[in-house]
Amino acid sequence: MEFSSIKGFRDILPPETGLWQGIEETARKVFSSFGFLEIRTPAMEFTELFSRGIGQETDIVSKEMYTLSDSKGRGMALRPEATASVVRAYLQNGLHEAGGVHKLYTIGPMFRHERPQKGRLRQFHQINAELLGDPGPVSDAEMVIMAMTILEAIGIYEVRLCINSLGCVSCRPGYRNTLSGYLSGIRNSLCEDCRRRAELNPLRVFDCKVESCKEAIKGAPSISEHICRGCAEHFDQVKSYLDLAGLAFTFAPNLVRGLDYYCKTTFEIQTDRLGAQNAVAGGGRYDGLVKMLGGPEMPAIGFAVGMERVAALLEDTIPRYSKGADIFVAALGEASKKRIFPIIAALRKKGLRVEMEYGEKGLKAQLKRADKLNAGKVIILGEDELKRGEAIVRDMATKAQETVPLDRLVSLAERH
RNA sequence: GUGGAUGUAGCUCAGUUGGCAGAGCACCGGGUUGUGGCCCCGGUGGCCGUGGGUUCAAAUCCCUCCAUCCACCCCA
């Protein structure tokens, strides 16, 4: 084979595309019920937008972006996530000037240059929601509830909702220092990765999978005991609204998300069925981001659902057979084919799914195909029928056949 | 970037101590000259991932590269 797709980029074929259409359609309905409207932003932005928004030291920015330069030497990058783009569009189009709360969603491909594995592609797709202009905590709960509602509506139930609070600008730096101090004290019992984490983003040490590290950090100061009164109250409120919605959740003090801009509420929806990639959806509050990208002080919160991961959880629900044609046209011979061709067009105008044999095949072969296509009715037009100006209409389920004048076929046709 | 596994028909996979390339499904045709599903019979379809090496002989043994998958890292 001369050409193949790029590593980590894949084709989505029928019937899987049917599943994807269903996922998108369902998500749009849920968004609509929460009053979220769609925004579509470009797949490429100036690199600076991401490096400033997501964080220079994050893996996403430091080693996973697809970058190139334009003819003037400006760095551009395929978007590795949606939030920075949405915030940029929000500011550029003056939505913040209009005031009020903006509730936006977007669905589309993201790009990260990572080594592919189960549930992880280089081009992957996210369903993304952003709520800008409200400080919470009710909006925090709304977002979590909406994410769970989408998954449930799609048909995914075996998931775990984990939530945490990372604190805000006034309390997180203090905690970070406290934690750093603790970690340097136990540095010798930490794995190599964690020593690196201790420098870059000490909070990440909490979700290390190495047993010795888990043991070593048991005595570490916890976030929940160090967040400020405001953050603690905010978090309590979020939890109480989740309770009111009847949502079961797990408080996960180790849940530390990788993007720099998160603060206060963070959450992740996890499954055990996707190998090492257990996050189906994740998100959190990012009150500082709008300002960081040149806008006003503006609270916001968002989340993303991984479409490949959702699709993977649903792959055994992919229908094996299409819904079926309404009518299959079996015309025998060229004269019959020409006589029936305009009639086929008229039947389709009525909204019917009409299929036909393109080549020259015997009746047996054509009926076989009609069967494969799960056709409801077959219109049979042979030379004898053609001479009489009639066609045979066969009901595939009952095998009943009737003779119908050709000029009445369209008016008699109905959806089966 | 690091580690492990796997590459044979459109798909899922067999292939023995190295000895003619296989099955099931799918597709096409026949059994029925113009009537589907089930059944029966037949057929199409392969650079055995790539390039080298060993050998009388390689899908099989050795090496190279490539691809895919899984895991680490990180994330949706």
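All values derive from a computational prediction rather than experimental measurement.

Student: Help me understand the sheet that holds strand 4 (residues 75-78), please; the structure alone is not making it clear to me.
Tutor: Within a sheet, adjacent strands bond to each other through the backbone by hydrogen bonds, running parallel or antiparallel. Strand order across the open sheet formed by three strands is 2-4-3, with antiparallel pairing between neighbours. Looking at which strands have only one partner, the edges of the open sheet turn out to be strand 2 (44-46) and strand 3 (67-69). Along the sheet, successive strands turn relative to each other by an average axial angle of 35°, direction set aside. Note: strand 2 against strand 4, three bridges, orientation antiparallel. In the strand pairing of strand 4, phenylalanine 46 is matched with methionine 76.

Student: Explain the nonpolar core here, please?
Tutor: In terms of nonpolar packing, the biggest core is built from 48 residues, with Val87, Leu132, Leu183, Leu190 and Ile217 touching the most fellow members. Of all the secondary structure elements, the ones that give two or more residues to this core are helix 2 (47-54), helix 3 (59-63), helix 4 (83-92), helix 7 (172-185), helix 8 (192-200), helix 9 (211-216) and helix 11 (289-292). The element best represented in this core is helix 4, accounting for six residues. Residue contacts for leucine 183: discarding those within four places in its chain leaves Leu190, Ala198, Pro202, Val205 and Ile217. Listed in part, the 43 residues of the second largest apolar core include Ile163, Val305, Met307 and Leu314.

Student: I keep staring at the protein's contact with RNA strand B and nothing clicks. Help me out?
Tutor: Arg112, Arg197, Arg204, Arg257 and Met396 are the nearest of the 48 residues found near RNA strand B. Among all atoms of RNA strand B positioned within 4 Å of the protein, those belonging to sugar or phosphate total 51%. Between RNA strand B and the protein, one listed contact pairs a phosphate oxygen with a side-chain N or O atom of glutamine 117 at 3.1 Å. For RNA strand B, a phosphate oxygen lies 3.0 Å from a polar atom in the backbone of alanine 276. Among the secondary structure elements, those contributing two or more residues to the surface near RNA strand B are strand 6 (123-132), helix 8, strand 10 (279-285), strand 11 (300-306), helix 14 (363-372), helix 15 (383-388) and strand 15 (390-395). With six residues, helix 14 is the single largest residue contributor to the surface near RNA strand B. Looking at the surface near RNA strand B residue by residue, the class counts come to 13 nonpolar, ten polar and 25 charged.

Parameters at a glance
- Residues numbered from 1 in each chain as written.
- Chains lettered and ligands numbered in written order.
- Predicted model: local features only at pLDDT ≥ 70, side-chain atom pairs only at ≥ 80, totals over all residues.
- Heavy atoms only, no water.
- Pairing = 2+ DSSP bridges.
- Helix = DSSP H or I, 4+ residues; strand = E, 2+ residues; numbered from the N terminus.
- Axes fitted to C-alpha atoms, helices over the stretch in contact; angles between N-to-C directions.
- Core = buried A, V, L, I, M, F, W, Y, C linked by side-chain atoms within 4.5 Å.
- Buried < 20%, exposed > 50% of the residue type's maximum accessible area, 1.4 Å probe, protein only.
- Contact = heavy atoms within 4.5 Å.
- Near = heavy atom within 4 Å.
- Polar contact = N/O pair within 3.5 Å; in protein donor to acceptor, adjacent residues only side chain to side chain.
- Nonpolar A, V, L, I, M, F, W, Y, C, P; charged D, E, K, R; others polar.

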